[in-house]
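An overview of the molecular structure
Here is what each chain is made of, one letter per residue.
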Amino acid sequence: MPKMGFNLNGRVRNFNLTRNQSFMSVLEAVINSIHSIEERIEKDTEEFKGKILIDIKRRDTLIEGIKEIKSIAIIDNGIGFTENNMESFLTADSDYKSKIGGKGIGRFTWLKVFQNVFVESIYKDFDEEKLINRRTFSFTLNNDEIIDDLNIYHDEYVDNKTTILLENPILDYNKGLCKNTVDIANIIIEHYIEYLLANSNIEIDIRDESKTVSINQLIINGLIDSKEVEFNIDEIPFKIKHLLLKKDLQKNSYIYWAANNRIVKKDKLDNYINTIKGATFHNGDAYYVAILSSDYLDLNVSDNRLAFNIPNDDEGLFNNILTLSQIIKSTKHRIQDYLRDELNRLQDQNENRVRKYISSVAPEYQYLLKYKKDEIRTFDPTLNDDKLELMLHKLEIEHTKNLLSAAKKVKTSSDIDGYKELLEKTIKQLSESNQAKLAKYIAHRRVIIDLFEDGLKIKDEKYQKEAYIHNLIYPMKLTNEENIENYHNLWLIDERLAFCEYIASDESLKKRGDRPDLLFLDNSAAFSDEAGSDYYNTISIVELKRPMRKGYSNEDNPMDQMLRYVRKIRNKEAQTKTGRTIMARDTTQFYLYAICDIDKSLEEILESRDYKKTPDDRGYYMYHDKYKAYIEVVPLDKVLYNAKQRNRAFFLKLGL
């Protein structure tokens, strides 16, 4: 009684096959059928047509809307389970098919996925005067002894017929098997497309209950173009087969890595060529597929045919070994040659899209179209505007870094003849880069001024609260140490304020328990500008009020409010957010700005206290001798007007 010459349970248990690779069991049976037909073609002197039928039976239970698979039978008219084939079947890691890439382990996938396997083979024995034999046996994990029932076949012989019946999927792999007829056909085509293209004389059909699908017809209908090219990588021969397949046969563009005419792995082509992401070819009817093959790949495929034993060396550590990185690089060039016209079309579309974005949204990157055009043309075409902005920003950083590196080389260059040319080129590009950044900043100012102006308008019979204006100028509840991104628009008031050492926005000058009625940080920002000193020479305070506020009094007005803050600072009663006392000398100069609209009540207070009109007649000012404080009351309209005037020339230059 034949017996497997190894521990079958252990061999199957240790076989690496994930749940989503369930169909490898069926694919292994299909390739056995192809090999069997090829072997018969070599030995049979009579003409015959190779045929394979994949017969699927289903249960009524559904998995994600698809009937569960009960069994799959792979039926062929190949050479059959001859004595040689049976002996190979019983030998683990048999080398019987080693010349055609066989590993001698494919049948273990059957028991990895299915509980029962039954084999029936009716075949003409060319070694025994063409006797017709019938061989049957079961193959299960429950019994490693195989009852080989071999007899002379006495019924009417029509043709060889071998059936591999895979029954009762194991629960863990059941879901991975449960696919519709078309998906199963596509899996077979994808895995064996190189074989199928080379052996179109073998008919392969899928019968799924009442539906029959011809694999051959699907390929005939789906193939638009095929071209094979040979090339060498480090003197090692490779072949690449370029295919254009209709969209109903192929769902994306891929590189297929083949070994022994089987697809081992596939990579999305857009992993290597950004431009083709989401793209179709041949007027939108097709996707592209590259099938890469080589004896080098055949020799280095893993036992389970799911990977290659080739290092993926991106760092140049394997000098004497051809690596995956080198293979990918060379293959990519061949693909780009084949798709040159299509890629140029896609890159033109990409460039036009980026040009429109830069023109309408991000003019500061205009110069990149001149110096980084090739990189822009290869951007991922599916990027949304936010990610496109990020890519342009990264490209800008890279370009600036390269320019600065070039500038350093200019300084150390001993080539007198080339010095002038390199210097002029570097300065020109740096100038254009800086101009672009300035344009971006000016455009930002235009937007902020528009927001500021919008905040002064009445909406729904109400004006904006102080917080709107406050946050626009400087974020509330932050110091400059906490404002990590340095976001502010202090230039709306005075450009110099941005350069102070310490900025506190809406923060108390004392611990809360020490000043129950003080409101300074409620609507104020305090600035100091002398770094590294315990005392500050200048301190500025800004008090903001909501647009069109009315009803000021001698007890409640922004001028007195700011003077109370000055008094606390002079009396050493004011602290920073970290608890450090704000130190002021007797000579410390204070600059106090009340940013508010001047209504009748505030105007009367200002005039009664002898405040002077500013030269433009828009605001008031005075100097407080005792506190050494310059006080200016600036209406919100004047802030807006001054900001527009200071930036007017830049806006006109940029057409803003």
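Everything below is about the structure printed above this text.
As a starting point, this report considers the structure included with it. The residue count restarts for each chain, going from 1 along the sequence in the order it is written. Only residues with pLDDT of 70 or above have their local features reported here, since the model is predicted, and side-chain atom pairs are shown and tallied only from 80 upward, although totals for entire chains, interfaces and linings are computed over all residues. Processing note: side-chain calculations cover all non-hydrogen atoms of the structure and skip hydrogens and water entirely.

**Thoughts on helix α6 (residues 181-198)**
Because an α-helix completes one turn every 3.6 residues, residues spaced three or four positions apart along the sequence face the same direction. Basically, it comes down to this: Counting from the N terminus, the helices are the DSSP runs of H or I reaching at least four residues and the strands are the DSSP runs of E reaching at least two. Here a helix's expected span is defined as the number of its residues, less one, multiplied by 1.5 Å. Two axes enter the definition of the bend at a residue: one is fitted to the seven residues ending there, the other to the seven starting there, and the bend is the angle between them. Partly exposed describes any residue whose relative accessible area lies between the buried limit of under 20% and the exposed limit of over 50%, with all areas from a 1.4 Å probe on protein chains only and scaled to the type maximum. We define a polar contact as two N or O atoms separated by no more than 3.5 Å, with the added condition that, inside protein, one atom must be a possible hydrogen donor and the other a possible acceptor, whereas residues neighbouring each other in sequence contribute only through side-chain atom pairs.
For α6, spanning 18 residues, the distance from its first C-alpha to its last is 24 Å, which sits close to the expected 26 Å at 1.5 Å a residue. Its maximal kink placed at tyrosine 192, α6 deviates by approximately 80°. Of the positions making up α6, those classed as buried are Thr181, Ile184, Ala185, Asn186, Ile188, Ile189, His191, Tyr192, Ile193, Glu194, Tyr195 and Leu196. Between a side-chain oxygen at the N-terminus of α6 and the backbone nitrogen of valine 182 the separation is 3.3 Å; the capping residue is asparagine 180.

**Examining the environment of lysine 568**
In this structure, lysine 568 sits in helix α16 (residues 558-570). Judged by its relative accessible area of 13%, lysine 568 is buried. Measuring from C-alpha to C-alpha, the distance between lysine 568 and isoleucine 582 comes to 9.5 Å, with 14 residues separating the pair along the chain.

**A few points about the packing of aromatic side chains**
Which entries qualify depends on this criterion: Stacked, tilted and edge-to-face are the three classes assigned to paired rings of Phe, Tyr and Trp, where Trp is represented by its six-membered ring and a pair needs centres within 6.5 Å; plane angles under 30 degrees give stacked, over 60 edge-to-face, the rest tilted. Look at NZ for Lys and CZ for Arg. If either is within 6 Å of the ring centre and within 35 degrees of the ring normal, a charge sits over the ring.
Evaluated as defined, the whole model comprises 13 aromatic pairs. With a centroid separation of 5.7 Å and an interplanar angle of 70°, the aromatic rings of phenylalanine 81 and phenylalanine 89 are classed as edge-to-face. In terms of burial, phenylalanine 81 and phenylalanine 89 fall into one category: buried. Where phenylalanine 89 meets tryptophan 110, the ring centres are 6.1 Å apart and the plane angle is 35°; that geometry is what we call tilted. On the criterion of sequence distance, the pair formed by phenylalanine 89 in helix α3 (residues 83-89) and tryptophan 110 in helix α4 (residues 108-113) is long-range, its members being 21 residues apart. A relative accessible area of 1% places tryptophan 110 in the buried class. Through a chain of ring-to-ring contacts, three or more aromatic side chains come together here, namely Phe81, Phe89, Trp110, Phe137 and Phe139. Its guanidinium or amino end placed over the ring of phenylalanine 48, arginine 40 lies 4.0 Å from that ring's centre, counting from NZ or CZ. Against the face of tryptophan 257 rests lysine 265, its NZ or CZ located 4.5 Å from the ring centre.

**Section: the pairing of strand β21 (residues 629-634)**
What counts, and what does not: One bridge is not enough; two strands pair if DSSP finds at least two bridges between them.
The buried fraction of β21 amounts to 5 of the 6 residues, a majority that puts the element mostly inside the structure. The hairpin turn running from strand β20 (residues 620-624) into β21, its antiparallel successor, is 4 residues long, and lysine 628 in that turn takes a positive phi close to 50°.

**A closer look at the nonpolar core**
Where we set the bar: Here, nonpolar core means buried Ala, Val, Leu, Ile, Met, Phe, Trp, Tyr and Cys residues that are tied together by side-chain atoms lying within 4.5 Å of each other. We call two residues in contact whenever any of their non-hydrogen atoms come within 4.5 Å of each other.
Ile72 and Ile215 are the most contacted members of the largest nonpolar core, which has 61 residues in total. Here isoleucine 72 is in contact with Phe23, Val26, Ile54, Asp55, Ile56, Phe114, Ile164, Leu165 and Leu166, once residues within four sequence places are set aside. Counting 31 residues, the second largest nonpolar core, distinct from the first, contains Phe231, Phe281, Leu292 and Leu324.

**A look at the sheet that holds strand β12 (residues 262-268)**
Note the cut-off: To get an axis, fit a line to the C-alpha atoms, keeping to the stretch in contact for a helix; angles then go from 0 to 180 degrees between the N-to-C directions.
A sheet is described by the order of its strands in space; here 5 strands give the open sequence β9-β10-β13-β11-β12, paired in mixed fashion. Both edges of this open sheet fall to β9 (223-233) and β12, since each of them pairs with a single strand only. Going across the sheet, the axis of each strand differs from the next one's by a mean of 20°, ignoring polarity. Alignment of strand β11 (residues 254-259) against β12, held across 6 bridges, turns out to be antiparallel. When the bridges of β12 are listed, isoleucine 255 appears paired with aspartate 267.

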